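As a plain string of letters, each chain reads:
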Amino acid sequence: MKFAIALFAVLAVAAAIPLDDPKVAKVLRLEADNIGTDGYKWGFETSDGKVHDEQGQLKNIGTEGEAIVVRGAYSYTDKDGVNYQVSYVADENGFQPEGAHIPK
């Protein structure tokens with residue numbers, strides 16, 4: 001529940017940015033579905049090319065090994081026009097990003 005409140009607070013701040021400044025990206029898509037005690041799904045896209053989608057789900061519910069597994073991906077274009085894409089899993093083994101620019 002605390003996570004859902006924090007997520008909505010972050011999304012509210014992002015949505016409150018003034019849209020009349022040409023230097024400020026506009027929110028093109030903002031979704032938050034299935035946010036509950038057993039998992040969540042959210043995503044956004046902005047006019048400057050940023051995209052982020054993520055979903056989380058509890059596994060081993062009610063056991064000592066209960067953990068949340070988060071899967072997601074994000075992409076953005078840097079100031080030189082290079083597009084970066086990262087997909088990730090975060091679970092009991094930590095944050096595990098993958099991307100062409102990330103060393104293995």
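Sequence positions are assigned chain by chain, starting from 1 and proceeding in written order. It should be noted that, the model being predicted, local features are given only for residues of pLDDT at least 70 and side-chain atom pairs only at 80 or more, the latter also being counted only at that level, while totals for whole chains, interfaces and linings use all residues. For side-chain calculations, the full set of non-hydrogen atoms in the structure is used, while hydrogens and water are omitted.

**Student:** What's the story with the overall build of the chain in this structure? I'm lost.
**Tutor:** To qualify as a helix, a DSSP run of H or I must reach at least 4 residues; to qualify as a strand, a run of E must reach at least 2; elements of each kind are numbered from the N terminus. The secondary structure content of the chain amounts to one helix and six strands. Of the regular secondary structure in the chain, the N- to C-terminal order runs α-β-β-β-β-β-β. Counting across all 104 residues of the chain, residues that qualify as buried make up 21%. Carbon together with sulfur atoms contributes 56% to the accessible area of the chain, which is approximately 7,600 Å² in total. Exposed residues in this analysis have more than 50% of their type's maximum accessible area, buried residues have under 20%, and partly exposed residues fall in between, with area computed by a 1.4 Å probe over protein chains only. To measure how exposed things are, a 1.4 Å probe is used in the Shrake-Rupley method; for residues, cover is taken only from the protein chains shown.

**Student:** Looking at this structure, I do not really get the pairing of strand 6 (residues 94-98). What am I missing?
**Tutor:** Along a regular strand, successive side chains alternate from one face of the sheet to the other. Should DSSP find at least two bridges between two strands, the strands are regarded as paired. Sheet analysis places strand 5 (residues 83-91) next to strand 6, joined by five bridges and oriented antiparallel. Opposite Tyr 88, over in strand 6, you have Pro 97 as the bridge partner. The hairpin turn running from strand 5 into strand 6, its antiparallel successor, is two residues long.

**Student:** Help me out: how do you make sense of the sheet that holds strand 3 (residues 51-59) in this one?
**Tutor:** Note: strands within a sheet are paired through backbone hydrogen bonds, in either parallel or antiparallel orientation. If you walk across this open sheet you meet the six strands as 1-2-3-4-5-6, and the pairing is antiparallel. The open sheet has two edge strands with one neighbour each: strand 1 (27-33) and strand 6. Within the sheet, the average angular offset between the axes of one strand and its neighbour, ignoring direction, is 10°. All axes are obtained by fitting lines to C-alpha atoms, using only the stretch in contact for helices, and the reported angles, taken between N-to-C directions, cover 0 to 180 degrees.

**Student:** I tried to follow unusual backbone geometry on my own but got confused; where do I start?
**Tutor:** The phi angle at Asn 60 is positive, at roughly 55°, despite the residue not being glycine. Secondary-structure assignment places Asn 60 in the loop between strand 3 and strand 4 (67-77). Overall, Asn 60 belongs to the partly exposed group, its relative accessible area being 42%.

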